[in-house]
Amino acid sequence: MTASRAPGATLIEASDLVKTYTMGDQTVHALAGVTLTIEAGEFVAIMGASGSGKSTLMNILGCLDRPTSGHYSLAGEAVERLSPDELASVRNRRIGFVFQQFNLLPRTSAQENVELPMVYAGVPTAERQQRARAALQRVGLGERSGHTPAELSGGQQQRVAIARALVNQPQLILADEPTGALDTHTSEDIMRLLTELNDQGITVVLVTHESDIAAWARRRLVFRDGLIVEDVRQTPVRPSIAEAAP
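Residues numbered from 1 in each chain as written. Predicted model: local features only at pLDDT ≥ 70, side-chain atom pairs only at ≥ 80, totals over all residues. Heavy atoms only, no water.

Brief notes about the pattern of salt bridges
Phase 1 of the analysis: Under the definition given, this model contains eleven salt bridges.
Phase 2 of the analysis: Residue Arg 128 pairs with Glu 115 through a salt bridge whose shortest N-O separation is 3.1 Å. Of this pair, Arg 128 sits in helix α4 (residues 125-138) while Glu 115 sits in helix α3 (residues 110-121), placing them 13 residues apart in sequence. One exposure class covers both Arg 128 and Glu 115, and it is buried. (Salt bridge = Lys/Arg side-chain N within 4 Å of Asp/Glu carboxyl O. Helix = DSSP H or I, 4+ residues; strand = E, 2+ residues; numbered from the N terminus. Buried < 20%, exposed > 50% of the residue type's maximum accessible area, 1.4 Å probe, protein only.)

Below you can see the structure in the form of structure tokens.
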């Protein structure tokens, strides 16, 4: 199933986001007034040095944290003042998360890992199992549904994580260094998969330190000192593993 989108519709709208942390007698300004709009169907890469604010922004976009001040709307829904339970509902309905370390439960099968978001959403068992199998099939792991993470390669584990991110049919995938633990060949496989999902209508926002990974996106944001210092539209690069082979 593809994500529905209206061309040009605004999915993410952030205005003057500020995030400060108090550490002892010091105040750290993680975000210093970020304004950002992302349309439905975009593929955006966020780059910047450690401490630049990119991960803080990702946490706010993912409804995992709140801004100290400013406004954030996701699909037209103002989320910065929602209760913890309401934020959890928004995450489960609208967002799929992909992390560098996969975050899979080690003693459960690929299918059971993919089912987890639906357990929290109260989806009945039969439907949950069917949707999990379909999601694994979608990422090319239909034959590995019964395997535990220890029986899968790093790339396969990340595909399970992506399948888990897809099962509630999110409008948005947030990927935090999704290739950081993978080799070059496997990284390209994962980026091809994210590109295919984006082509099917899902908005993809990823954080990366790697320029070659950011090159897959259609838009690149660069953070420095809690601010966006570069916002560039680009023609995506689609590296070919065959071309890279000696």
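What to know about the pairing of strand β8 (residues 203-207)
Phase 1 of the analysis: Counting buried positions over the five residues of β8 gives five, a clear majority of the element.
Phase 2 of the analysis: Because side chains alternate across β8, one face comprises the buried residues Thr 203, Val 205 and Val 207, and the other comprises Val 204 and Leu 206, equally buried.
Phase 3 of the analysis: The pairing of strand β3 (residues 43-48) with β8 spans four bridges and is classified as parallel. Paired with Ala 45 across the bridge in β8 is Leu 206. (Pairing = 2+ DSSP bridges.)

Quick notes on the packing of helix α5 (residues 154-166) against helix α6 (residues 184-199)
Phase 1 of the analysis: Put simply, α5 and α6 touch, their axes get as near as 10 Å, and they point 20° apart. Considered as vectors, α5 and α6 are oriented roughly parallel to each other. The chirality of how α5 crosses α6 is right-handed. Facing Gly 155, Gln 158, Arg 159, Ile 162 and Leu 166 of α5, the residues of α6 in contact are Thr 186, Asp 189, Ile 190, Leu 193, Leu 194 and Leu 197.
Phase 2 of the analysis: Among the residues forming the contact of α5 with α6, the class breakdown is six nonpolar, three polar and two charged. (Axes fitted to C-alpha atoms, helices over the stretch in contact; angles between N-to-C directions. Parallel < 35°, antiparallel > 145°, perpendicular 65-115°, else oblique. Left-handed = near helix turned anticlockwise from the far one by under 90°. Contact = heavy atoms within 4.5 Å. Nonpolar A, V, L, I, M, F, W, Y, C, P; charged D, E, K, R; others polar.)

What to know about the sheet that holds β8
Phase 1 of the analysis: The six strands are arranged β6-β7-β8-β3-β9-β10 in an open sheet whose pairing can be described as mixed. Here the strands that pair on one side only, and so sit at the sheet edges, are β6 (95-99) and β10 (227-233). Pairs of neighbouring strands in the sheet enclose a mean axial angle of 15°, with direction left out of account.
Phase 2 of the analysis: Sitting on the sheet, α5 touches β6 and β7 (172-176), and the angle it makes with β6 is about 165°.

So far we have only geometry, and geometry alone does not tell us how the molecule works.
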